[in-house]
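The lines below spell out each chain.
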Amino acid sequence: MFAAERRQLILEMVRANGAVSLRELARVVQTSEVTVRRDVRALEAEGLLDRRHGGAVLPGGFTRESGFPQKSHLATAEKTAIADLAAGLVDEGEAIVVGAGTTTQELARRLARVPGLTVVTNSLLVAQALAHANRVEVVMTGGTLRGSNYALVGSGAEQSLQGLRVSRAFLSGSGLTAERGLSTSNMLSASVDRALVQAAGEVVVLADHTKLGTDTMFQTVPTDVITRLVTDDPPAHDDRAATELQALADQGVQITVAGSAESDPAPPASATAARRPRRDVSLPGPRRQVPGTGAQLRSAPPVIGGEPPGGERARVADLRRR
């Protein structure tokens, strides 16, 4: 394929979907991500699209929302890995809320095996994935059907969530930044997502690396409300996505990365929390000021069982021999 043909196809994909990852573009045009990145730079120079973290979007700052048919074919491997890992966070007998989206739909398919689970959702796709799970109770919100993502929205959906309390909410969105948190391109969807968050004790965001650093019109979950982010490993060259992950971790969000070398295959959803495979980004430990200096040292590890560290034990033994 000639460069002009490649770039025309890339432009058509971005116009059809609103946002496309470099990985997906490379797969469709059957070339390397390095070549696709060069094509995207050329198209951006002509003002035909904007580059984002690991992908390309329509020009104009904020990305518009893609329809379900387009979303369902984007980052499918990443969404599967994220759903596998997120399902391991759910225990038997829990009550949770699951928002609308293609990633949460993948999660719902795995939750069908969790006995005694109660799932509250405004998504027809989530409900359909759980429809034949005889050990899972599904509670649908009211509301008006939004056909582009098969979700119930509006005042009816929000009112049906009043007085509800569950252990955690699983949500997706169009973009995620450390500055604004999770966001979406539709006002009605954002309003229902905020109502889902109000009903949950913890908030778990499911977002693949192409959404990191992407900002859309309506904020749904501020960063300080997000308990955990389940995402995939950004490509090695995607420094901006890695920077965004660190910024989220610095603000107290627990980062769980699917598909990393450190993660084992996900256990059944009913497994205990101790066996859940994940790679959490550790936050810096507490620091203490050194008197009289500007230096800071990390706190020393506690002494277990009242025994001094190894070096001290050696000196004590030496004094006893004397």
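So, here's what we can say about the structure. Because the structure is a prediction, the values reported are computed rather than measured. (Residues numbered from 1 in each chain as written. Predicted model: local features only at pLDDT ≥ 70, side-chain atom pairs only at ≥ 80, totals over all residues. Heavy atoms only, no water.)

**Observations concerning the nonpolar core**
- L176, V205, L229, L248 and I255 are the most contacted members of the largest nonpolar core, which has 30 residues in total.
- Elements with a minimum of two residues in this core: β9 (166–171), α9 (187–198), β12 (200–206), α10 (239–250) and β15 (254–258).
- Counting 24 residues, the second largest nonpolar core, distinct from the first, contains I82, A86, A87 and A108. (Core = buried A, V, L, I, M, F, W, Y, C linked by side-chain atoms within 4.5 Å. Buried < 20%, exposed > 50% of the residue type's maximum accessible area, 1.4 Å probe, protein only. Helix = DSSP H or I, 4+ residues; strand = E, 2+ residues; numbered from the N terminus.)

**Re the pairing of β15**
- β15 sits mainly inside the fold: 4 of its 5 residues count as buried.
- Where strand β14 (residues 228–232) and β15 come together, 5 bridges link them in parallel fashion. Its bridge partner lying in β15, T231 is registered against V257. (Pairing = 2+ DSSP bridges.)

**With respect to the sheet that holds strand β10 (residues 175–177)**
- Read from one edge to the other, the open sheet built from 3 strands follows the order β10-β11-β13, with strand pairing classed as antiparallel. In the strand order of this sheet, the two ends are held by β10 and β13 (218–221), each with one partner. Adjacent strand axes in the sheet meet at a mean angle of 40 degrees, parallel and antiparallel pairs treated alike.
- As defined by bridge partners, β10 adjoins strand β11 (residues 181–184) across 3 bridges and the pair is classed as antiparallel. Residue T177 lies in a different strand from β11, and its bridge partner there is G181.
- Here α9 sits on the sheet and contacts β11 and β13; the angle it forms with β13, its principal contact strand, is near 20 degrees. (Axes fitted to C-alpha atoms, helices over the stretch in contact; angles between N-to-C directions. Contact = heavy atoms within 4.5 Å.)

**Considerations on the environment of R135**
- Along the chain, the position of R135 falls in the loop between α7 (124–130) and β6 (136–140).
- Not counting residues within four places of it along the chain, the set of residues in contact with R135 comprises R113, V114, P115, G116 and L117.
- Of the polar contacts made by the side chain of R135, one reaches the backbone oxygen of R113; its length is 3.5 Å. (Polar contact = N/O pair within 3.5 Å; in protein donor to acceptor, adjacent residues only side chain to side chain.)

**A look at the pattern of salt bridges**
- This model, assessed by the stated rule, comprises 10 salt bridges.
- A salt bridge links D39 to R6; the nearest nitrogen and oxygen atoms lie 2.7 Å apart. Linking D39 in helix α3 (residues 33–45) with R6 in helix α1 (residues 3–17), this pair joins segments that are 33 residues apart in sequence. Each of the two residues, D39 as well as R6, counts as buried.
- Where E106 meets R110, a salt bridge forms, and the shortest distance between an N and an O atom there is 3.1 Å. (Salt bridge = Lys/Arg side-chain N within 4 Å of Asp/Glu carboxyl O.)

**Some details on the environment of A112**
- Structurally, the position occupied by A112 is in the loop between α6 (102–111) and β5 (117–121).
- With a relative accessible area of 23%, A112 lands in the partly exposed category.
- With near-sequence residues (within four places) excluded, A112 lies in contact with A129, L130, A133 and V136.

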